[in-house]
Amino acid sequence: MVSDINGLAAEYWFAGRWDDLEAECRSRLQRVPDDADTMSVLAEICQSTGRRPEAIRLLRKLADGVRDARYPARLSWLLQEAGDLDGGIAEFRRALHIDPSCSLVRPHADALFDVRDRIDDALARQLSSQAPPGSFMLIHPAGAGFWSDVHHVLGHALAARVDRRRPFVHWGETSLYAADPTHNAWTDFFEPLDGSTPEEVEAAAARCAWPEIWSGGSPFLDVATRRKATGPVSAADLVARTEPLVVGTHHTGVHLIRHLLPVDDPLAHADTGTILGALAPCLLRPRPHLRDRAEAFVAENFGGAPFIAAHLRGTDKRAEQGDSNLDAVNRAIERTVDKLLAQRLGIRLLLLTDDRHVEARCRERYGDCVVTSAALRSEGYQGLHLRSGLPPRQLGEEVVVDVLAALAADCFVGNCFSNVACIVRALKHWPEGKLTLLGSTDVVFNYAASVLRPQA
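Trainee: Give a description of the sheet that holds strand β2 (residues 166–169) that names residues and reports values.
Mentor: Spatial ordering of the open sheet is given by β2-β1-β4-β3, a layout of four strands whose pairing is parallel. Either end of the sheet is taken by a strand with one partner, and the two such strands are β2 and β3 (209–210). Inspection of the sheet shows β3 paired to strand β4 (residues 245–248) by two bridges, in the parallel sense. Counted as the bridge partner of W210 is V246 from β4. Helix α8 (residues 146–163) rests against β1 (136–139), β2 and β4 of the sheet, and its axis sits at about 170 degrees to β1. Contacts from helix α10 (residues 198–207) reach β1, β2, β3 and β4 within the one sheet, and its direction differs from that of β1 by about 110 degrees.

Next up, the structure:
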């Protein structure tokens, strides 16, 4: 009876019936408190519905009580999201000791060990050197989706804060949102991070830059070639350098850089979510024309009435999460929206999605209460930002306006494996119960660093 929980889990999980599955798990654990399969399923439900501490407690009990590499391996991932890097490494080591071939560990362990090495190297540099006064950090795009590149900016801006460098963002030839590679597309969407000028950054490069390939000549040119030549330089590798200019091109998030904050920094003991909530509203200041567009859209469609916003992904997220897993998250989001709509009759739903099929399904499900912007949408497995022939600036402006509109909602529901949902979380202090992010992996609570070491 209890042993069939995995079959039941598959049936309920992929239908988005996570609440029903949780009730069944808790009922079974009352009858058989130590059933490992049921406890493991319940841990995944807790993790996927934003209750990581309970998921960690359940997995720790399993890892300590059952000799199975899957449990410490999964525990490691949750500890990493919680910001416990050393705890995550310890659990990976335990899993490897039990089963060196465990697929939940290999090849991820090497990347996690590399993160620890990069942090230790940066901490060691902080003991012996520091950035000179008035130095700069140039932040080029990582070349990913819009809000992924914004999170990349926030990670590097935090690294600049560690060293008291002046951050300068330049979205040029490697940005998917720059129509003209000679123009800084960042300023199409946001105000500059500070008052630095391109001429000041170029003057710093003329004196000396790190990585060395950025020294001499304009650091705004030949970006793709130089980026390839340096290898994956993490923002952690830029900390405590003595050069007047350091250049960041490889995606690094706040989750990693928070380990390098000086002990006297007000954010030194804060978790990643708190740091993002402090940085994002201050650093990400949308251009007035985008704020005006969002305000006009909200006024036209909702007036002064409260509304619900939901973000459901499709296209390239299907390749990243897998069709069945993404469908499970989307259906769980829909069930959450169902409850919110039932609680407040007549309230309208702002739907954010990149996928025509998702939009069609939601319109069929919710009818006339669905509101969408006129943003471009697609189908298949390729993201809009990767398709050729689409207007880069328009794509960027649309995702900014959609997020700004969602921030005006009374409630928000989304996929925590999406940078869109995660930036909605970071840009507003949501009252208890007003924000629901679902999914087993949070895209910003991870240590994104390559196994490869950068060249000196």
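Trainee: Explain the sheet that holds strand β8 (residues 411–415) to me, and be specific about the residues and the numbers.
Mentor: The sheet built from five strands is open, its strands ordered β7-β6-β5-β8-β9 with parallel pairing. The sheet is open, and its two borders are formed by β7 (370–371) and β9 (435–438), each paired with just one other strand. Pairing of strand β6 (residues 348–353) with β7 involves two bridges; the strand directions are parallel. Residue pairing in the sheet places L350 in a bridge with V371 of β7.

Trainee: Please give an account of the nonpolar core that cites residues and values.
Mentor: If you look at the biggest cluster of nonpolar residues, it comprises 90 residues, and the most contacted ones within it are W147 and L284. If one sorts the elements of this core by residue count, α8 sits on top with ten residues. Contact partners of W147, with chain neighbours within four places excluded, come to F190, L284, V399, V400, V403, N419, V420 and I423. Counting 47 residues, the second largest nonpolar core, distinct from the first, contains W13, W18, M39 and A328.

Trainee: How would you sum up the pattern of salt bridges? Please name residues and give values.
Mentor: Tallied over the entire structure, the rule returns 38 salt bridges. A salt bridge links E81 to R52; the nearest nitrogen and oxygen atoms lie 2.9 Å apart. Residue E81 is located in helix α5 (residues 70–81), and its partner R52 is located in helix α4 (residues 52–65); the two are separated by 29 residues in the primary sequence. Residue classification places R52 among the buried residues on the basis of a relative accessible area of 18%. Among the salt bridges present, the one from R161 reaches D265, with a minimum N-O distance of 2.9 Å. Residue R161 is found in helix α8, and its partner D265 is found in the loop between α12 (254–257) and α13 (272–283); the two are separated by 104 residues along the sequence. A cluster of three or more residues bridged by salt bridges with shared partners is formed by R17, D19, D20, R335 and K339.

Trainee: Break down the packing of helix α3 (residues 36–48) against α4 for me, with residues and values.
Mentor: Between α3 and α4, the shortest axis-to-axis distance is 7 Å and the interhelical angle comes to 155 degrees. Judged on the interaxial angle alone, α4 and α3 are roughly antiparallel. The two elements α3 and α4 meet at a crossing, and its hand is left-handed. Contacts between α3 and α4 pair A36, M39, S40, L42, A43, C46 and Q47 from the former with R52, E54, A55, L58, L59, K61 and L62 from the latter.

Trainee: Give me the lowdown on the environment of C102, citing residues and values where you can.
Mentor: Structurally, C102 can be placed in the loop between α6 (85–98) and α7 (108–128). Non-local contacts of C102, meaning those with residues more than four positions away in its chain, are made with A69 and A73.

Trainee: Can you tell me about the environment of L79, naming the residues and giving the values?
Mentor: Mapped onto the elements, L79 comes out in helix α5. Between the C-alpha atoms of L79 and A157, which are 78 residues apart in sequence, the distance is 25 Å. Not counting the four nearest positions on each side in its chain, L79 is found in contact with I56, R60, D84, G87, G88 and E91.

Trainee: Could you give me a rundown of the confidence of the model for the protein chain, with the residues and numbers involved?
Mentor: Scored by pLDDT, the protein chain has a mean of 92; 95% of the residues are at 70 or more. In the model, residues 450–456 has pLDDT below 50 throughout and makes 22 contacts with residues more than four positions away in sequence or in other chains.

Trainee: I'd like a description of the packing of aromatic side chains, backed by residues and values.
Mentor: Summed over all chains, the structure comprises 14 aromatic pairs. Summarising the aromatic geometry, the rings of F146 and W147 are spaced 5.0 Å apart at their centres and angled 80 degrees between planes, so their arrangement reads as edge-to-face. We note that F146, like W147, is buried. Measuring from ring centre to ring centre gives 5.4 Å for F146 and W171, while their planes differ by 85 degrees; the resulting arrangement is edge-to-face. Placement of F146 in helix α8 and of W171 in the loop between β2 and α9 (186–189) is noted, with a sequence separation of 25 residues between them. On the accessibility criterion, F146 (3% relative accessible area) is buried. Grouped by ring-pair contacts, the aromatic residues F146, W147, W171, Y177, W186, F189 and F190 constitute a single cluster. Geometry around W210 places R241 over its ring, the cationic atom sitting 3.8 Å from the centre.

Trainee: Just give me the short version of unusual backbone geometry, but keep the residues and values in it.
Mentor: In this model, W210 is joined to P211 through a cis peptide bond whose omega is -5 degrees. Here P211 is to be found in the loop between β3 and α11 (223–230). The residue D222 is not glycine, and still its phi comes out positive at about 55 degrees. If you trace the backbone, D222 turns up in the loop between β3 and α11. Look at D222 and you get partly exposed, because its relative accessible area is 48%.

Trainee: Can you lay out the environment of V413 for me, pointing to particular residues and giving the numbers?
Mentor: Inspection of the secondary structure puts V413 in strand β8. Non-local contacts of V413, meaning those with residues more than four positions away in its chain, are made with A309, A310, H311, I333, T336, V337, L340 and T436.

What counts as what
- Counting from 1, residues in each chain are numbered in the order their sequence is written.
- With the structure being a predicted model, the display of local features is reserved for residues of pLDDT at least 70 and the display and counting of side-chain atom pairs for 80 or more, all residues being used for whole-chain, interface and lining totals.
- As a rule here, side-chain values come from all non-hydrogen atoms in the structure, and water together with hydrogens is ignored.
- Should DSSP find at least two bridges between two strands, the strands are taken to pair.
- Put simply, DSSP H or I for four residues or longer makes a helix, DSSP E for two residues or longer makes a strand, and each gets a number counted from the N terminus.
- It only takes one pair of heavy atoms within 4.5 Å for two residues to be counted as in contact.
- Angles run from 0 to 180 degrees between N-to-C directions of axes, and those axes are lines fitted to C-alpha atoms, restricted for helices to the stretch in contact.
- Take the buried residues of types Ala, Val, Leu, Ile, Met, Phe, Trp, Tyr and Cys, join any two whose side-chain atoms come within 4.5 Å, and each joined set is a nonpolar core.
- Burial classes: relative accessible area under 20% of the type maximum marks a residue as buried, over 50% as exposed, and values in between as partly exposed (1.4 Å probe, protein chains only).
- We define a salt bridge as a side-chain nitrogen of Lys or Arg found within 4 Å of a carboxyl oxygen belonging to Asp or Glu.
- Oblique is the label for every angle not falling under 35 degrees (roughly parallel), over 145 degrees (roughly antiparallel), or within 65 to 115 degrees (roughly perpendicular).
- By definition, turning the near helix anticlockwise from the far helix through less than a right angle yields a left-handed crossing, and turning it clockwise yields a right-handed one.
- A residue's pLDDT is the predictor's confidence in that residue, given on a scale from 0 to 100.
- The rule is short: rings of Phe, Tyr and Trp, with Trp giving its six-membered ring, pair when the centres are within 6.5 Å, and they are stacked under 30 degrees, edge-to-face over 60, tilted in between.
- Whether a charge sits over a ring comes down to the Lys NZ or Arg CZ being within 6 Å of the ring centre and within 35 degrees of the ring normal.

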